[in-house]
Amino acid sequence: MTDILSSACSVTSAFVNKRSKAERKSYGQFFTSQRTAEFMSSLFCIDFNKPSISILDAGAGTGILSTALVKRIRDAKYKGNITVICYENDVKVLPILSENLECLKQKANIKYEIRIDNYIISQSESLSGLFGNIEKFDYIIGNPPYLKIPKNAEEAKALPEVCYGAPNLYFLFWTMGIHNLIENGELVYIIPRSWTSGAYFEKFRRFLFSNCVITDIHIFGSRDKVFDGESILQETMIIKIRKSKIRPKSITMSHSETSDFLNVSHYKVNYDVVVAPNQYVFLVTNDEDANILSRVNRQDHTLVSDNLQMRTGIIVDFRTRDVLRNQEEKGTYPLFYSQHIRNGRICWPIGHENEYILTDRIGYLQENTDYVFIKRFTAKEEKRRLQCGIYLNAEHKKYKYISTQNKINYIKCEQTEFAYGLFVILNSTLYDNYYRILNGSTQVNSTEINSMPVPSRENIRLMGQELMGQELSETNCNKIIDKWIR
């Protein structure tokens, strides 16, 4: 059995080298490495007392994951029957998949079937009950396609219970996989981290946690070294779920820098710390992360409950070119960009292009009052994810209105103390770390910020009073936060 997996991987590498990245990207197709396949297969808790085992590999590619799982089962001296069902509709990869599964049949004594169908659409009628019950499997392993599709695509219409806007195929594959699992069956997928929070995946998370529990999560330190030779923009993770409503006491978290899985660290975390009451999923890897979550989650308010919600800036440059101006003229108002956020303050003007807007259209303008502005986008290597500045209307009193470009978020503050208090929270190390645990991307999402637990409205005001007159430093914010959030 030792050469089955390495042989399948060698054939796959030869295929990948003949196919352009652009072509594979159009399918959302990234092939799993041997080490990743071995790690994923190791996560399953196999019931070796079963007389037969059924495996599903949806979007099977060249069959590396199926091969790894079968090898693991046979290496454990399992003598029962193994059936592998692979879905794959890329005709170019089918000959290699067939070759690898035939080799597996000969050397590992399995039965297999390749279904040249769209995995999701082909099962939609069974799912609706029109043509019998949906097929069930003991174990599901997969590396689903990472590809956004239109909201009216057939795949999206097949699974309306999880779709909000234009969905990504990876979580539709995951959803169908949950339908395909037997009770107490297990699924292991390698997927992006994007599903863990935010409104876009809320319906999916609700479906997931009404049917399954998480048992294991593995995260990678480097996003560009997970799929060999590929350029992946998303943070990637490996997840194992069990189809059960009995929540385990803890989730096993693991971490490695790359897909070679050298120096893997493991950490058990209480289930309720990872899966929050709002069904956000926090990727905790050590005691420090757990302590951060514990401190923040003890707060029983949110920005929404305190009427201090964050919103996204109004102006999209390329859609509003006719009202943008480089210089002040009669009737113009200030237009603020992320570049105006400097050392906790808003510095304007700075000679930036289009720093003024000339319009009386109310939808392009907002009240000139106190605000906190927050950058929506930061670079991965930057020290802080949350970068904000205090805007005081007293510094720009001659303007009735202002406007904000959509690469910043803003929070409107009816009193100056609230602006300073919110700055204490968002500029603190505690909340910056909290947000990094919550969201692996470099975008600051207003939905996620609005749902974060924060002190009460009155306490935010009192925190702001403490900061007023002091330097707007992270150190000072931390001192204040430590008094109020222990």
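In case you missed it, the structure is sitting above this.
Residues numbered from 1 in each chain as written. Predicted model: local features only at pLDDT ≥ 70, side-chain atom pairs only at ≥ 80, totals over all residues. Heavy atoms only, no water.

Enquirer: It is not clear to me how the pairing of strand S12 (residues 332-336) should be interpreted in this structure. Could you clarify?
Expert: Within a regular beta strand, the side chains point alternately toward one face of the sheet and then the other, so they alternate between its two faces. Where burial is concerned, most of S12 is hidden: 5 out of the 5 residues are buried. Both S12 and strand S15 (residues 356-358) contribute to a ladder of 3 bridges, which runs antiparallel. Paired with Thr332 across the strands is Leu358, a residue of S15. (Buried < 20%, exposed > 50% of the residue type's maximum accessible area, 1.4 Å probe, protein only. Helix = DSSP H or I, 4+ residues; strand = E, 2+ residues; numbered from the N terminus. Pairing = 2+ DSSP bridges.)

Enquirer: Would you take a moment to explain the sheet that holds strand S3 (residues 111-115) for this structure?
Expert: Two modes of strand pairing occur in sheets, parallel and antiparallel, and in both the strands are linked by backbone hydrogen bonds. The 9 strands lie next to each other as S3-S2-S1-S4-S5-S7-S6-S8-S9, forming an open sheet whose pairing is mixed. The open sheet has two free edges, formed respectively by S3 and strand S9 (265-270), since each of these has just one partner strand. Going from strand to strand, the sheet's axes swing by 15 degrees on average, the running direction of each strand aside. Where strand S6 (residues 213-220) lies against strand S8 (residues 250-256), 5 bridges are found, and the strand directions are parallel. (Axes fitted to C-alpha atoms, helices over the stretch in contact; angles between N-to-C directions.)

Enquirer: When you look at helix H15 (residues 457-467) in this model, what are you seeing that I'm missing?
Expert: Turn by turn, an α-helix covers 3.6 residues, leaving residues three or four places apart pointing in a common direction. Burial in H15 covers these residues: Ile460, Arg461, Met463, Gly464 and Leu467. On an axial view of H15, the arc spanned by its buried residues comes to 160 degrees, and they lie on one face. Buried residues in H15 make contact with helix H12 (416-426) and helix H16 (474-484). Following H15 by one or two positions, Gly469 has its phi on the positive side, about 90 degrees. (Arc of directions from axis to C-beta. Contact = heavy atoms within 4.5 Å.)

Enquirer: Help me understand helix H13 (residues 429-438), please; the structure alone is not making it clear to me.
Expert: Counting buried residues in H13 gives 7 out of 10 residues, a clear majority hidden from the surface. Here H13 has its buried residues at Leu430, Tyr431, Asp432, Tyr434, Tyr435, Ile437 and Leu438. Buried residues in H13 make contact with helix H11 (287-297), H12, helix H14 (446-451) and H16.

Enquirer: Honestly, the nonpolar core in this entry has me stumped. Any pointers?
Expert: Generally speaking, soluble globular proteins have nonpolar side chains that are buried together. Counting 132 residues, the largest nonpolar core has Trp174, Trp195, Ile214, Ile217, Ile239 and Tyr431 as its most contacted members. Residues contacting Ile214, with those up to four places away along its chain left out, are Trp195, Phe209, Ile239, Lys240, Ile241, Pro248, Ile251, Tyr271, Val275 and Val281. In this structure, Leu365, Tyr391, Ile402 and Ile408 belong to the second largest nonpolar core, which totals 21 residues. (Core = buried A, V, L, I, M, F, W, Y, C linked by side-chain atoms within 4.5 Å.)

Enquirer: I'm lost on the packing of helix H8 (residues 169-180) against helix H9 (residues 202-211) in this one. Help?
Expert: When two helices pack together, their arrangement is given by the angle between the helix axes and by the axis-to-axis distance. Contact geometry for H8 and H9: axes closest at 11 Å, N-to-C directions at 25 degrees. Here H8 is positioned roughly parallel relative to H9, judged by the angle of their axes. Considering only the axes of H8 and H9, their crossing is left-handed. Packed against H8, whose contacting residues are Phe171, Trp174, Thr175, Ile178 and His179, the element H9 presents Phe204, Phe207, Leu208 and Asn211 at the interface. (Parallel < 35°, antiparallel > 145°, perpendicular 65-115°, else oblique. Left-handed = near helix turned anticlockwise from the far one by under 90°.)

Enquirer: In this structure, what is going on with the state of the cysteines? I would like to understand it.
Expert: Covalent bonding between the sulfur atoms of two cysteines is what defines a disulfide. The full count for this structure, using the stated rule, is 0 disulfides. Free of any disulfide, Cys103 has its nearest neighbouring cysteine sulfur in Cys9, separated by 12 Å. Free of any disulfide, Cys163 has its nearest neighbouring cysteine sulfur in Cys212, separated by 17 Å. Residue class for Cys163 comes out buried when judged on its relative accessible area of 13%. (Disulfide = S-S within 2.5 Å.)

Enquirer: Which parts of the structure should I look at to understand the sheet that holds strand S16 (residues 366-367)?
Expert: Taken together, 5 strands build an open sheet; the order of strands is S11-S15-S12-S19-S16 and the sheet is mixed. Unpaired on one side and paired on the other, strand S11 (324-325) and S16 mark the two borders of the sheet. Judged from the 2 bridges that link them, S12 and strand S19 (residues 401-404) form a sheet pairing that is parallel. Paired with Leu335 across the strands is Ser403, a residue of S19.

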